[in-house]
Amino acid sequence: MKKIKLLTVFFIFVEISLCQHAKIELDGASTIIINKNIYGHFAEHLGRCIYDGFYKDGKIRMDIVNALKKIHVPILRWPGGCFADQYHWKDGIGNKKNRLVTVNTTWGMITEDNSFGTHEFLQLCELIGCEPYIAGNVGTGTPQEMENWIEYLNYDGNSTLANLRNTNGHAQPFHVSYWGIGNESWGCGGEMTAEYYSNQYKRYASFCMDYPGTTLKKIVSGANGDDYNWTETCMKNIPTEDMWGIGLHYYTLTDGWNHKGSATNFSEEQYFNSLKNCLRMKELIEKHSAILDKYDPSKKVALVVDEWGIWKDAESGTNPAFLYQQNSLRDALIAATTLNIFNNHCERVKMANLAQTVNVLQALILTSGDTMLLTPTYYVFDLFKVHQNSKWIPIKIASPNYTYNDQSIPAINASASVDINGVAHISLVNLDSKKNIAVSIEMSESQYKNITAQVLTSEKFNDVNTFSNPNKVIIHSFTDFKKDGKTLSVNMPSKSIVVLELK
Ligand code: AHR
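Participant: Looking at this structure, how should I read the packing of helix H7 (residues 228-237) against helix H9 (residues 280-295)?
Facilitator: Packed helices, taken two at a time, are described by their axes: the angle between them and the distance between them. Running from amino to carboxyl end, H7 crosses H9 at an angle of 20°, the nearest separation of the two axes being 10 Å. Overall, the two elements H7 and H9 adopt an arrangement that is roughly parallel. As for the relative orientation of H7 and H9, their crossing is right-handed in sense. On H9, the residues touching Tyr228, Thr231, Glu232, Met235 and Lys236 of H7 are Glu283, Leu284, Lys287, His288, Ile291, Leu292, Lys294 and Tyr295. Of the residues in the contact of H7 with H9, the class split is 6 nonpolar, 2 polar and 5 charged.

Participant: Help me understand the site of the ligand, please; the structure alone is not making it clear to me.
Facilitator: Contacts to the ligand come from 13 residues, most closely from Glu44, Cys82, Glu184, Tyr251 and Glu307. Between an oxygen atom of the ligand and a side-chain N or O atom of Glu184, the distance comes to 2.7 Å. In isolation the ligand has 280 Å² of accessible area, and contact with the protein removes 93% of it.

Participant: Please clarify how the pattern of salt bridges should be interpreted in this entry.
Facilitator: Should their charged atoms come close, side chains of opposite charge can pair. Within the structure shown, the criterion is met by 21 salt bridges. Of the charged contacts in the structure, one is a salt bridge between Arg77 and Asp306, with a shortest N-O distance of 4.0 Å. Of this pair, Arg77 sits in strand E5 (residues 75-78) while Asp306 sits in strand E12 (residues 302-310), placing them 229 residues apart in sequence. Taking the relative accessible area as the measure of exposure, Arg77 reaches 2% and is therefore buried. Look at Asp306 and you get buried, because its relative accessible area is 4%. Between Lys385 and Asp382 there is a salt bridge; the shortest N-O distance is 2.8 Å. If you follow the salt bridges from partner to partner, you end up with Asp293, Asp296, Lys299 and Arg348 in one network.

Rules and cut-offs
- Residues numbered from 1 in each chain as written.
- Predicted model: local features only at pLDDT ≥ 70, side-chain atom pairs only at ≥ 80, totals over all residues.
- Heavy atoms only, no water.
- Axes fitted to C-alpha atoms, helices over the stretch in contact; angles between N-to-C directions.
- Helix = DSSP H or I, 4+ residues; strand = E, 2+ residues; numbered from the N terminus.
- Parallel < 35°, antiparallel > 145°, perpendicular 65-115°, else oblique.
- Left-handed = near helix turned anticlockwise from the far one by under 90°.
- Contact = heavy atoms within 4.5 Å.
- Nonpolar A, V, L, I, M, F, W, Y, C, P; charged D, E, K, R; others polar.
- Near = heavy atom within 4 Å.
- Polar contact = N/O pair within 3.5 Å; in protein donor to acceptor, adjacent residues only side chain to side chain.
- Areas by Shrake-Rupley, 256 points an atom, 1.4 Å probe, with all protein chains shown as cover.
- Salt bridge = Lys/Arg side-chain N within 4 Å of Asp/Glu carboxyl O.
- Buried < 20%, exposed > 50% of the residue type's maximum accessible area, 1.4 Å probe, protein only.

Laid out in structure tokens, this is it:
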């Protein structure tokens, strides 16, 4: 008798540990909109992002443009990054034969022929159908240079600079409104203290003019990860009316800057550590937001996560200064988890820019000659585009842990929204490398009749798309769910992303 009891306990234990359960409760939709710019991207003059990436043989690549249009890229940040604080805009306008040839000293000491400049960038944005976000030069530029660039871009009248824009082929103003005042001013942007930078910000910002038809949205160069003193000092010294947003940069590392590790050849321990570090984004957003709340309780100032993503060692055989890395299912899980965090903090986070779109860091697209491939991270943005400008639905999650050695993280994360047509979307992520998890979702309404779903997963967490096998990690339709009244039960495969559509 005792033996039978013990056996029963054993089987129950095995069943619980093999098939775990998570519970999600959806409230009704809030009135808060998930700003589409949370789904923004970043393109720097770095490695093969611009040259031999977006721009090849003097032309913008339309295959890349079309892929980005498909996922509704809303905003693109340029020209850097660190490059922004060594970029002089006048070097990159006018006849290409006469453009200055400079050296990109930040990224590999390579020749910069300035053939991709202001007009080319703004044409790229127009083709993609996205807003431009320009990072102005504080590190090596003057307030006058920044003032002139904005006049050149946005003034619709008679001035030498506006006329020069016309001569260079663009009579109408470009109406650029998102404007960064420096980049990483605590580091590559000039090694400034927070006090010094906030004074510089006020100096530069006072010459950043609103020309008729374009109100500038000025963005403070933000903190490095958990440097809360940076945010506190900037918020204390700069009047909130003088900023649209304040930045935050956070890169996911596996074991610190000195042990970034391979993008493709990594252990479960490295997989786990990367996911654990990516989840820190929540704490960073909440702590920086708490500082913003003190100075801006009405939440007018945006938190702009204008650089994020996983940073790995450059692929062997490539220039280490070019930061070219492959992109695996693990990176897709990081992207989906981070986007869920952004969605769930959309009251404060109004823009984010993944680093970087093509051929650099956590890229959406990799190119080789004239061919290109879409990475697993690209497919996350394809799945999640449904949240853009939708109404956020707050959720409560009770998740089992994903435990590795003696450390644990929540296995399941999620976010939800409802779009203007009343269609709801729930994005679920299971980070556990081995266990499938049964997720039961309690909805506040049962009116949804038609439910469909898509999944992104693969056999191994380090699976990648390659030029010889570009469709290894792609979106598939998903049917392992069922609805019973207000309860939706979803069987989440291990290491997977599922987006449900409820009509
Ligand atoms: O995205 C690569 C670099 O990372 C950017 O140039 C810089 O801002 C950051 O340190």
